[in-house]
Amino acid sequence: MRSFSGVTPWTVVAALGLCAAPAIGSEGQVVRVTASALNVRTFDENRLCAVPRNTQLTVIGRNAEGTRVKVRVNHPGCPGEGWVYVNYVLPSARAEVDASSLSLRAGPSASRRWICGLPRGTDVEVTDDTRNPGWFQVRLPNPPPGCPSEGYVHGSYLKPESGFFSSLPVTEGAIPRMENTEAGAGLCETGDCSNPSPPGNGNIEDLRQIAAAAGGAQGQFLTELRRMIANPNYRSPHYPRGRDGMIQYPISGRLGKAGPCGSARYNPDELMPGRSRWGRGSDTWINPTTACAFTAALQEWKRTACPDSTQGCRVAWGDISLNRAAQWDGHRTHTMGYCIDVRPLRSGGFQDAPITHRSRGYSRDRTRQMIETFKRFGGTGYRNNENPYFNDTACGTRSMGGHDNHIHVCFNPNNPAVQGACNNLTIDPNICPELQ
Amino acid sequence: MTRLLLAATLPFLLSSPSGATQSCAGIVQGVNEWELVQNNRMIEGFSLFDVEDWSASGGFQMLAITDKAPAGVKLQMEFRQGLRGRVLETIDLPLRTWERDSKLRIAFDRYPEDVFARHPRSIFVLRLVSADGRVFCESSHAVVDDEP
């Protein structure tokens, strides 16, 4: 299965809605498995068994967040019931557009001829998914003016038709545990561990639901980070762990370009559908301790220096690490989720635009202050005893080729300063509301 | 090594492979959209900026042709091994009116990373060509690696 890493469960459910299955939205709905091997678990995450692709499951309930469904299973070695993540089942052929204007194309690729834009809410019926991963041939029962009745769209911009989950009963509750017979337990949910697709992606809507479920007093984000840090094998239901125990750093927005604590993410990965590398949040994989310390620095920066994120002091970050590969494009220091690229800051208002230390509008004062904040929370170069990389060394940085337009800062989880920053972190809901 | 190559090419970047005298700065611009959670609401905006060398931290989502360009021009993107080197690929970029700003005509409705990924460590030339084939403006930039 291609990666839908980080796409909201709602989107993924729709995106996988391919074949002419019966109408969904009610108890007793039959869905089929789309992962190569899907783990069936108890509600509290103990693995019961795995079922292969195309196994039919009967939906009998859902959890409160809508991220998992309770299913009836008829497969050798499996009990009668269990829970699966909705990301890996195919509920329906019907979906609706979840973008302000979704390109309808003549073929299953972004390079194929653009035909028209489908407005948000347009109903589609998926008729084929076999031409190119992520791309669906669709039929439009009611094509908007100027659009034909058939074409191709990318599934990341579809969501389930209204009422997908609404008529399912919430049946969150424990299923009796069975003996755990899992062999080679990994950190990914599907049997295809080369490219795990998390059911939760740190989307702001997800985070609010999680916070509500947790009582709202302490955000689940930090709670979950601390559990992961304490136990490298802990499997978070909200932040699935990937290679080397990394998680995806929270992002939100249609393009995934809003980070927590007022920060900006400058890689618009969702604009590159069809390439697993560029699935949502695909380059935001981060070590949990690094995530904790970086969050502490972002929160401190917003609290002390940049309360207004519409200004040029807004922290904009980009590459962290990929889940599927230890390196990409020769980025040797972006392999373990310790290091983050951050743009220099500018005077005036915020702009999502490249800037170097030689650009008009570059603010050395703001940039130096931001780097000092990173350092206070354990930020270094690749090694713990070196400065972050950036070619304006007046900012207290180390010069490094190619670092005119970004600061390369690492929060090494083995660095006591990083650990201390994490230990001292409490999320202020007024500063980082996305994490509450 | 990359750094050395770039240092060697930079003096020529202000030149133009076709000899066009006018730079496309301010005429062909990069566009990035941004998002921000403010008062529990998601707000969106976009930034227009002069195109620089392409890298992970220096890219653009789209290209925009401002109203300084004459009507009927065609936008070309050409990749070369060097400023005077072999042409690797020439792409005619379709332009369309942008719904977010009707004064702009834009190219790329997807992040163009895959186009740049085909030609690492090359030179890319942005060129506006009028209907009679005359080059209206031209600018050259490098495709660079920005990571250690």
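None of these values were measured; they are calculated from a predicted model.

Student: Any chance you could explain the overall build of chain A here in plain terms?
Tutor: Helix and strand counts for chain A come out as six helices and 20 strands. Put simply, chain A has 436 residues, and 61% of those count as buried.

Student: I'm lost on the state of the cysteines in this one. Help?
Tutor: By definition, a disulfide links the sulfur atoms of two cysteine residues through a covalent bond. Taken as a whole, this structure holds seven disulfides over all chains when the rule is applied. Paired through a disulfide, Cys292 of chain A and Cys422 of chain A show a sulfur-sulfur distance of 2.0 Å. Sign of the S-S torsion, about 95° for the bond between Cys292 of chain A and Cys422 of chain A, identifies this disulfide as right-handed. Of this pair, Cys292 of chain A sits in helix 4 (residues 288-304) while Cys422 of chain A sits in helix 6 (residues 416-423); the two residues are 130 residues apart in sequence, bridging distant segments of the chain. On the basis of relative accessibility, which here comes to 3%, the residue Cys422 of chain A falls in the buried class. Paired by a disulfide, Cys24 of chain B and Cys137 of chain B hold their sulfur atoms 2.1 Å apart.

Student: Please explain the environment of Tyr239 of chain A as it appears in this structure.
Tutor: All names here are of chain A. Inspection of the secondary structure assignment puts Tyr239 in the loop between helix 3 (220-230) and strand 15 (247-248). The exposure class assigned to Tyr239 is buried, which follows from its relative accessible area of 3%. Expressed as a C-alpha distance, the spacing of Tyr239 and Tyr249, which sit 10 residues apart in the sequence, is 9.0 Å.

Student: Sorry, what's going on with helix 6 of chain A here?
Tutor: Side chains that are three or four residues apart share a direction in an α-helix, a result of its 3.6 residues per turn. All names here are of chain A. Within the span of helix 6, buried status applies to Val418, Ala421 and Cys422. For helix 6, the angular spread of buried residues about the axis comes to 100°, placing them on one side. Looking at helix 6, the residues exposed on the side facing more than 90 degrees away from the buried face are Pro416 and Asn423. In this structure, the buried residues of helix 6 make contact with helix 3 and helix 4. Of the residues flanking the start of helix 6, the one acting as N-cap is Asn415, its side-chain oxygen 2.9 Å from the backbone nitrogen of Ala417.

Student: Help me understand the environment of Asp123 of chain A in this model?
Tutor: All names here are of chain A. You can see Asp123 is positioned in strand 11 (residues 123-132). We classify Asp123 as partly exposed; its relative accessible area is 31%. The spatial distance from the C-alpha of Asp123 to the C-alpha of Ala95 is 6.0 Å, given a sequence separation of 28 residues. Other than its neighbours up to four places away in sequence, Asp123 contacts Ala95, Glu96, Arg139, Leu140 and Pro141.

Student: Quick question: what am I supposed to make of the confidence of the model for chain A here?
Tutor: Within chain A, residue pLDDT values average 75, and 68% of them lie at 70 or more. Note on residues 270-278 of chain A: pLDDT under 50 across the span, and 39 contacts to partners over four residues away in sequence or across chains.

Student: Before we go on, may I ask you to explain the confidence of the model for chain B in this structure?
Tutor: Detail in the predicted coordinates should be disregarded across regions flagged by low pLDDT. For chain B, the average pLDDT comes to 84, and 82% of its residues sit at 70 or higher. Confidence over residues 1-14 of chain B falls short of pLDDT 50; this stretch has 12 contacts with residues more than four positions distant or in other chains.

Student: Can you walk me through the pattern of salt bridges in this structure?
Tutor: Two side chains with opposite charge may pair up if their charged atoms get near one another. Residue and element names in this part refer to chain B. A complete count under the given rule lists 23 salt bridges over all chains for this structure. Taking the shortest distance from any N to any O, the salt bridge between Asp92 and Lys74 comes out at 3.8 Å. Of this pair, Asp92 sits in strand 5 (residues 87-93) while Lys74 sits in strand 4 (residues 74-80); the two residues are 18 residues apart in sequence, bridging distant segments of the chain. What makes Asp92 partly exposed here is its relative accessible area of 42%. Among the ionic pairs, Arg127 bridges to Glu78, the shortest N-O distance being 3.1 Å. Highlighted residues: Arg127 in strand 8 (residues 123-129) and Glu78 in strand 4, separated in sequence by 49 residues. By the burial criterion, Arg127 is buried, and Glu78 matches it. Within this structure, Glu78, Arg80, Arg127 and Glu138 form a network of salt bridges that share partners.

Conventions we followed
Residues numbered from 1 in each chain as written. Chains lettered and ligands numbered in written order. Predicted model: local features only at pLDDT ≥ 70, side-chain atom pairs only at ≥ 80, totals over all residues. Heavy atoms only, no water. Helix = DSSP H or I, 4+ residues; strand = E, 2+ residues; numbered from the N terminus. Buried < 20%, exposed > 50% of the residue type's maximum accessible area, 1.4 Å probe, protein only. Disulfide = S-S within 2.5 Å. Arc of directions from axis to C-beta. Contact = heavy atoms within 4.5 Å. Polar contact = N/O pair within 3.5 Å; in protein donor to acceptor, adjacent residues only side chain to side chain. pLDDT = per-residue confidence, 0-100. Salt bridge = Lys/Arg side-chain N within 4 Å of Asp/Glu carboxyl O.

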